[in-house]
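Residue-level listing of the chains:
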There are 2 protein chains.
Amino acid sequence: MAVYTHLGAETLAELIGHYDVGELVSAKGIAEGVSNSNWLIETGGSDGTGARFILTMYERRIEPGDLPFFLGLLDHLSAKGCPVPRTIHDRAGAAYRMLDGKAVALIEFLPGVSVDAPTAAQARAVGAALAEIHLAAQDYEGSRANDLSPGDWRDLFEQCGSDALTEIDPALAGLAHARLPEIAAVWPEDLDRSIIHADLFPDNVLMLGDRVSGLIDFYFACTDMMAYDFAVTHAAWCFDRDGRCFDEAVSGALLAGYESVRPFGDAERAALPVLAQGACMRFVATRAFDWIDTPEDALVTRKDPMDFARRLEFYAEAGDAPFAAAR
Amino acid sequence: MAVYTHLGAETLAELIGHYDVGELVSAKGIAEGVSNSNWLIETGGSDGTGARFILTMYERRIEPGDLPFFLGLLDHLSAKGCPVPRTIHDRAGAAYRMLDGKAVALIEFLPGVSVDAPTAAQARAVGAALAEIHLAAQDYEGSRANDLSPGDWRDLFEQCGSDALTEIDPALAGLAHARLPEIAAVWPEDLDRSIIHADLFPDNVLMLGDRVSGLIDFYFACTDMMAYDFAVTHAAWCFDRDGRCFDEAVSGALLAGYESVRPFGDAERAALPVLAQGACMRFVATRAFDWIDTPEDALVTRKDPMDFARRLEFYAEAGDAPFAAAR
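This is a predicted model, so every value here is computed, not measured.

**Describing the overall build of chain A**
- Check the secondary structure of chain A and you find 10 helices and 10 strands.
- Judged by the C-alpha coordinates and their principal axes, chain A covers about 60 × 45 × 35 Å.
- Within chain A, contacts between residues separated by at least 24 positions form 72% of all contacts whose residues are at least 6 apart in sequence.

**As for the environment of A:Asp116**
- Among the structural elements, A:Asp116 can be located in the loop between β6 (102-108) and α3 (120-136).
- For A:Asp116, a count of 16 C-beta atoms within 10 Å gives the class partly exposed.
- For A:Asp116 and A:Asp203, which are 87 residues apart along the polypeptide, the C-alpha to C-alpha distance reads 8.0 Å.
- Those residues in contact with A:Asp116 that sit more than four places away from it in its chain are B:Gly8, B:Ala9 and B:Glu10.

**Regarding the domain arrangement of chain A**
All names here are of chain A.
- The assigned domain composition of chain A is domain 1 (9-108) and domain 2 (120-323).
- Each of domain 1 and domain 2 has a C-alpha centre, and these two points are 28 Å apart.
- Counting from both sides, the interface comprises 15 residues of domain 1 and, opposite them, 17 residues of domain 2.
- When the residues that make up the side of domain 1 that touches domain 2 are grouped by side-chain class, the tally is 10 nonpolar, 3 polar and 2 charged.

**So, the environment of A:Asp229**
All names here are of chain A.
- Considering the arrangement of structural elements, one finds Asp-229 in helix α7 (residues 226-237).
- C-alpha separation for the pair Asp-229 and Met-281, spaced 52 residues apart in sequence, amounts to 14 Å.
- Not counting residues within four places of it along the chain, the set of residues in contact with Asp-229 comprises Leu-130, His-134, Ile-196, His-197, Ala-198 and Asp-224.

**Structural notes on the packing of helix α7 (residues 226-237) of chain B against helix α9 (residues 266-293) of chain B**
Residue and element names in this part refer to chain B.
- As a packed pair, α7 and α9 sit with axes 8 Å apart at the nearest point and diverge in direction by 55°. Overall, the two elements α7 and α9 adopt an arrangement that is oblique. As for how α7 packs across α9, the hand of that crossing is right-handed. Contacts between α7 and α9 involve Ala-227, Tyr-228, Ala-231, Val-232, His-234 and Ala-235 on the former and, on the latter, Glu-268, Ala-271, Leu-272, Leu-275, Ala-276, Ala-279 and Cys-280.
- Residues that form the contact of α7 with α9 fall into these classes: 11 nonpolar, 1 polar and 1 charged.

**Regarding unusual backbone geometry**
All names here are of chain A.
- Residues other than glycine seldom take positive phi values, yet Ala-198 does so here, at roughly 75°.
- One can find Ala-198 in the loop between β7 (193-196) and β8 (205-208).
- A residue is classified by how many C-beta atoms lie within 10 Å of it, and Ala-198, with 19 of them, is partly exposed.

**Remarks on the confidence of the model for chain A**
- Of all residues in chain A, 95% have pLDDT values of 70 or greater, and the mean over the chain is 93.
- Note on the complex model: pTM 0.89, ipTM 0.85.

**So, the pairing of strand β3 (residues 51-58) of chain B**
Residues and elements named next belong to chain B.
- The element β3 is largely enclosed, with a buried count of 7 among its 8 residues.
- In the sheet, strand β2 (residues 36-43) pairs with β3 via 8 bridges, with the strands oriented antiparallel. Residue pairing for β3: Asn-36 is matched across the bridge by Tyr-58.
- As defined by bridge partners, β3 adjoins strand β6 (residues 102-108) across 5 bridges and the pair is classed as antiparallel. Of the residues in β6, the one forming a bridge with Leu-55 is Leu-106.

**Side note on helix α6 (residues 170-185) of chain B**
Residues and elements named next belong to chain B.
- Between its terminal C-alpha atoms α6 stretches 24 Å, which fits the 22 Å expected from 16 residues at 1.5 Å a residue.
- If you look at α6, its biggest bend is around 35°, right at Arg-179, and the proline Pro-181 turns up within four residues after that.
- What α6 keeps buried is the set Leu-172, Ala-173, Leu-175, Ala-176 and Leu-180.
- Buried-residue contacts for α6 involve α4 (150-160), α5 (162-168), α9 and α10 (306-318).

**Let's talk about the packing of α4(B) against α9(B)**
All names here are of chain B.
- Contact geometry for α4 and α9: axes closest at 9 Å, N-to-C directions at 30°. Relative to α9, the element α4 lies roughly parallel. Relative to α9, α4 is oriented so that their crossing is left-handed. Contacts between α4 and α9 involve Pro-150, Trp-153, Leu-156, Phe-157, Gln-159 and Cys-160 from the first element and Gly-278, Met-281, Arg-282, Ala-285, Thr-286, Ala-288, Phe-289 and Ile-292 from the second.
- By residue class, the composition of the contact of α4 with α9 is 10 nonpolar, 3 polar and 1 charged.

**Structural notes on the environment of A:Arg282**
All names here are of chain A.
- If you trace the backbone, Arg-282 turns up in helix α9 (residues 266-293).
- A sequence separation of 173 residues divides Arg-282 from Phe-109, and the C-alpha atoms of the two residues are 30 Å apart.
- Discounting residues that sit within four places of it in the chain, Arg-282 has contacts with Leu-148 and Trp-153.

**Some points on α3(A)**
- Look at α3(A): 24 Å from first C-alpha to last across 17 residues, which is about the 24 Å you get at 1.5 Å a residue.
- The element α3(A) is extensively covered by neighbouring structure, given that 13 of its 17 residues are classed as buried.

Scoring rules and cut-offs
- Residues numbered from 1 in each chain as written.
- Chains lettered and ligands numbered in written order.
- Predicted model: local features only at pLDDT ≥ 70, side-chain atom pairs only at ≥ 80, totals over all residues.
- Helix = DSSP H or I, 4+ residues; strand = E, 2+ residues; numbered from the N terminus.
- Contact = placed C-beta atoms within 7 Å.
- Buried ≥ 20, exposed ≤ 12 C-beta atoms within 10 Å, placed from the backbone.
- Domains from an automatic or database assignment.
- Nonpolar A, V, L, I, M, F, W, Y, C, P; charged D, E, K, R; others polar.
- Axes fitted to C-alpha atoms, helices over the stretch in contact; angles between N-to-C directions.
- Parallel < 35°, antiparallel > 145°, perpendicular 65-115°, else oblique.
- Left-handed = near helix turned anticlockwise from the far one by under 90°.
- pLDDT = per-residue confidence, 0-100.
- Pairing = 2+ DSSP bridges.
- Expected span 1.5 Å × (residues − 1).
- Bend = angle between axes of the 7 residues up to and from the residue.

Next comes the structure, spelled out in structure tokens:
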């Protein structure tokens with residue numbers, strides 16, 4: 001949550017001049033994104049009526065070679081009517097430009113705010129929106145392997161080391177060494193695939209009341225099982241922050257919303273309990289790695305891996321109950 | 001440069017409901033302000049056409065008792081036609097509200113961007129805008145003592161300690177113990193006063209081309225000598241970042257712009273060289289204090305006190321040359 005790079009008015013105005021969006025009127029660095037810097041940009045608009053954009057500078061973690069995939073996906077989904085911001089192309093047609101050696105992209109601004117405690121009605125709308133992007137992405141020509149699959153979780157835990165894991169919480173080493181192999185052993189491989197968001201937490205959804213006005217931050221998007229994306233979203237939306245309290249109404253509404261657009265097949269439904277445990281394991285792994293990688297007194301807030309260890313236990317005990325067919 | 005507090009959509013919507021500005025449409029935490037958190041807020045507007053505001057939460061350093069002075073000053077200057085954002089009052093007429101034990105205020109959004117390397121034309125506009133607020137503030141009923149006067153600089157250096165100062169730079173202890181008393185001994189007390197901004201760096205000025213569209217961040221504003229405010233602004237605008245390179249054209253334009261609205265009297269002009277040295281000493285003192293107060297690996301960028309020690313040397317050697325009457 002930071003702006004890593006200073007861009008002065010002169011630099012910004014020169015950059016904006018490469019786009020058909022009018023003159024630069026305002027630019028505010030915004031506190032969003034952990035692997036990039038973002039500015040909320042206002043311009044006079046190509047027709048003089050004013051327009052707003054998000055300018056993103058890709059600072060780290062994101063491979064420049066992946067940008068055509070990510071930015072093309074936004075355009076593909078937006079063109080199909082999904083509430084996804086489109087990429088603004090420069091006068092030469094490029095989706096991104098280089099500035100001070102870093103890639104930058106100008107992205108459509110979408111209204112809406114991120115909720116902290118979703119209602120069932122909001123979860124239903126999010127489920128439906130997720131299914132819509134799964135369907136709309138099926139004919140997207142790009143593809144990208146998921147680099148956070150079960151083998152990658154194992155690698156992350158190994159880089160942490162058992163001692164460091166135990167220092168965070170005594171339960172973590174057991175999760176890494178016993179539970180992860182169990183999940184990986186039964187991990188499905190043959191469920192229906194599309195492009196998935198893979199990180200659809202509430203802060204990546206903009207809402208106006210009960211309506212989804214924007215799905216944002218597709219920088220984990222990849223080709224993977226659609227049911228896994230639902231499982232990630234379920235783990236992200238149906239609990240309080242630390243994973244101690246499951247919200248059954250939100251869970252049922254998220255599932256009903258998804259299935260109102262794309263009903264799960266039998267194999268997908270049967271796999272949801274293990275997919276949900278895997279989704280939790282993915283966040284336990286990345287959070288444990290980031291915990292060890294982040295100095296204790298850094299201003300970046302470290303996220304507790306145990307928040308998702310608790311969710312994992314919930315799913316292991318609940319079995320298929322949370323995923324019974326929507327009524 | 002951070003957002004210190006998380007405010008979810010539900011909390012923000014409830015807060016915005018106390019103002020006659022329409023429904024909350026968007027909220028982005030912005031990376032501005034070191035002693036407060038800020039959000040760029042968009043609402044439907046009281047007439048449904050959309051409106052933008054800055055929501056500020058006062059986190060530290062600012063005394064709540066000073067808020068009526070600061071917020072009333074914005075309203076006073078704005079009503080007089082100065083490019084200063086007005087305070088939006090809630091339905092009950094209050095200029096600020098309490099949220100989670102902290103004061104928050106809704107402030108008018110102004111267009112414009114902050115320049116990195118001002119041109120002479122821009123400096124001229126800034127000088128004129130500064131003189132305009134000095135004149136417009138003269139009948140403001142509020143007053144606030146300057147808590148960063150020569151005695152306060154001395155206190156800050158004493159809190160640092162000679163060893164810590166020397167560790168930052170061997171020259172600093174000499175500045176604190178020899179130069180500061182020399183400046184304080186000849187510090188003028190009887191020059192014309194008004195409310196001064198006291199921190200008008202380029203990042204506190206919004207510009208559209210050569211026009212000043214906004215003067216912001218009045219949280220150091222206080223009752224003090226107008227010529228001292230000009231000296232602060234001169235030190236902030238007429239050098240490159242580290243104070244090694246003086247820009248004579250920008251200096252002349254800033255002075256000419258100021259005097260086009262409010263010509264200096266003889267006593268003020270004679271005092272400008274010492275006021276400029278004092279202005280530099282003020283920033284050397286606060287930067288040295290913050291340098292020692294900020295952990296080396298904190299994500300907040302520490303500002304080098306030597307940037308202003310170099311400016312101080314420039315002013316000491318240049319005498320009255322930079323402040324010759326505008327032609």
